[in-house]
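Descriptive structure summary
Given next are the chains, with one letter for each unit.
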Amino acid sequence: MSVDLESISEATSGAIGALVSTTILYPLDTCKAKYQAEVQAHGLRKYRNLSDVLLEAISSGKILSLYQGLGTKNLQSFIAQFVYFYGYSYFKRLYLERSGVKSIGTRANLIIAAAAGACTAITTQPLDTASSRMQTSAFGKSKGLWRTLTEGSWSEAFDGLGISLLLTSNPAIQYTVFDQLKQRLLKGKEKMTEKDASPVVLSAFSAFVLGAVSKSIATVLTYPAIRCKVMIQAADDDEDKKAEPKSSKTISGVIWSIWKKEGVLGFFKGLHAQILKTVLSSALLLMIKEKISATTWVLILSLKRILLLRQRRLKSA
């Protein structure tokens, strides 16, 4: 029972952290997605820099369109992080119990993180696809969640699932690096504190720095796949639907399109924007999670005690 409660506590803390960080950074995320989704055609680009997306929203008087799809994105982020942190925590504790070891190694940590990421990708792929289409739609022309999901076939709702499964290596790398750095930092602090002192925890600043470092490493290693995924899930303008065949939305079609129109460097277009957004998002998420995890655990334990007391009263009655 305690294992389940601890997993739920971790999942809840991670989901709340994702909700807050997603909302704060959403305008940046929208600019990033529209910038990444564009492929250079005939030497022309609509967006030469990330700031061009922001300027377009301001000049057209549609600044609030930077928040188009926020509700769907928050729903997807909350569910994704809850499933991921629950799965990661549960699989990790299960592994420690079955193996009998006191600490988890890097290889086992990567496998556990990848398994949790795969569960998350399959569960939330339709919401992920819908939020990407809503973000990359023309400003002011984003459709609702239900209409976005139902305007195509059911299989189209899972566009990019293959790359999403491949990208489970991203959080796997991120959280493995974060956990390893966290353990080393806490071990150093434990040696400096007394045995009877309260448990050592990361400060908000330490969690922010470790989150930024771990996400930067994961983002650089997986970025070509990230851009291909954005292009596959991006919304099509009416002209694009007529001009380009459906095959261009496949993994091979997107890779060929980038290679032909932008060359090797095209696979890294928007890398700086991706690092800026994901590093800030992950650092905020982990910082918030670390600070509220203790409170969440106390609340869950209190709820458990209340339920146990009620059960005893019902039995005695």
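Thresholds, definitions, all that
Residues numbered from 1 in each chain as written. Predicted model: local features only at pLDDT ≥ 70, side-chain atom pairs only at ≥ 80, totals over all residues. Heavy atoms only, no water. UniProt positions renumbered as here; feature names shortened; annotations may be inferred. Helix = DSSP H or I, 4+ residues; strand = E, 2+ residues; numbered from the N terminus. Buried < 20%, exposed > 50% of the residue type's maximum accessible area, 1.4 Å probe, protein only. Contact = heavy atoms within 4.5 Å. Areas by Shrake-Rupley, 256 points an atom, 1.4 Å probe, with all protein chains shown as cover. Salt bridge = Lys/Arg side-chain N within 4 Å of Asp/Glu carboxyl O. Patch = residues over 30% accessible without salt bridge, like charges linked within 9 Å, V, L, I, M, F, W, Y side chains within 5 Å. Axes fitted to C-alpha atoms, helices over the stretch in contact; angles between N-to-C directions. Parallel < 35°, antiparallel > 145°, perpendicular 65-115°, else oblique. Nonpolar A, V, L, I, M, F, W, Y, C, P; charged D, E, K, R; others polar. Expected span 1.5 Å × (residues − 1). Core = buried A, V, L, I, M, F, W, Y, C linked by side-chain atoms within 4.5 Å. Lys, Arg positive; Asp, Glu negative; His and termini not counted.

- The name recorded for the protein in an unreviewed UniProt entry is NAD(+) salvage pathway protein, from Datura stramonium.
- What UniProt states about the protein under its Sequence similarities (unreviewed entry) heading is, verbatim, "Belongs to the mitochondrial carrier (TC 2.A.29) family."
- Under the heading Subcellular location (unreviewed entry), UniProt records this for the protein: "Peroxisome membrane".

Looking at the overall build of the protein
- For the protein, the count of helices and strands is 12 helices and zero strands.
- Counting the 317 residues in the protein, one finds 44% classified as buried.
- When contacts within the protein are restricted to residue pairs at least 6 apart in sequence, long-range pairs at least 24 apart make up 80% of them.
- Here the protein displays about 17100 Å² of accessible surface, and carbon together with sulfur accounts for 63% of that area.

Some remarks on the pattern of salt bridges
- With the rule as written, the count across this model stands at eight salt bridges.
- The partner of Lys73 in a salt bridge is Asp29, and the shortest N-O contact between them spans 3.9 Å. One end of the pair, Lys73, is in helix H4 (residues 70-99); the other, Asp29, is in helix H2 (residues 26-37), with 44 residues separating them in the sequence. In this pair, the class of Lys73 matches that of Asp29, namely buried.
- With a shortest N-O distance of 3.8 Å, Asp29 and Lys277 are connected by a salt bridge. Linking Asp29 in helix H2 with Lys277 in helix H12 (residues 271-316), this pair joins segments that are 248 residues apart in sequence.
- By relative accessible area, Asp29 is classed as buried at 5%.
- Owing to a relative accessible area of 15%, Lys277 belongs among the buried residues under this scheme.
- One connected set of salt bridges, linked through shared partners, spans Asp29, Lys32, Lys73 and Lys277.

Structural notes on a nonpolar patch on the surface
- On the surface, Leu54, Leu55, Ile58, Ile63, Leu64 and Tyr67 cluster together into a nonpolar patch covering about 590 Å² of accessible area.
- Among the secondary structure elements, Leu55 is positioned in helix H3 (residues 50-59).

Things to note about the packing of H2 against helix H9 (residues 204-233)
- Two numbers describe how H2 lies on H9: the axes approach to 8 Å, and their chain directions differ by 90°. Considering their axes alone, H2 and H9 lie roughly perpendicular with respect to each other. Residues Ala33, Gln36 and Ala37 of H2 form the contact with H9, whose own contacting residues are Tyr223, Ile226, Arg227, Val230 and Met231.
- Per-class residue counts for the contact of H2 with H9 are six nonpolar, one polar and one charged.

Thoughts on the side chain of Ser206
- Relative to the helices and strands, Ser206 is located in helix H9.
- We classify Ser206 as buried; its relative accessible area is 16%.

Remarks on helix H11 (residues 251-262)
- Counted at 1.5 Å a residue, the expected span for H11 with its 12 residues is 16 Å, and the 16 Å between its end C-alpha atoms agrees.
- Its buried side turned inward, H11 meets H9.
- A positive phi of about 75° marks Gly263, the residue just after H11.

Observations regarding the nonpolar core
- Ranked by internal contacts, the top residues of the largest apolar core, which has 19 residues, are Tyr84, Phe85, Tyr88, Tyr175, Leu202, Leu285 and Leu286.
- Put simply, the parts of the chain that give this core at least two residues each are helix H1 (2-24), H4, helix H5 (106-136), helix H8 (169-192), H9 and H12.
- Those residues in contact with Tyr84, other than ones at most four positions away along the chain, are Ala113, Ala116, Gly117, Thr120, Pro171, Ala172 and Tyr175.
- Listed in part, the 13 residues of the second largest apolar core include Leu167, Met231, Ile258 and Leu271.

Looking at the environment of Leu202
- When you line up the elements, Leu202 lands in the loop between H8 and H9.
- Residue classification places Leu202 among the buried residues on the basis of a relative accessible area of 2%.
- Along the sequence, Leu202 and Glu290 sit 88 residues apart, while their C-alpha atoms lie 7.2 Å from each other.
- Here Leu202 is in contact with Phe178, Lys182, Leu185, Leu186, Ala207, Leu210, Glu290 and Lys291, once residues within four sequence places are set aside.

Side note on the side chain of Lys34
- In this structure, Lys34 sits in helix H2.
- Although buried, Lys34 forms no salt bridge, and the nearest oppositely charged side chain, Glu56, lies 5.4 Å from it.
- Excluding its chain neighbours within four sequence positions, the residues that come into contact with Lys34 are Tyr47, Val53, Gln135, Thr136, Ser137, Ala138 and Phe139.

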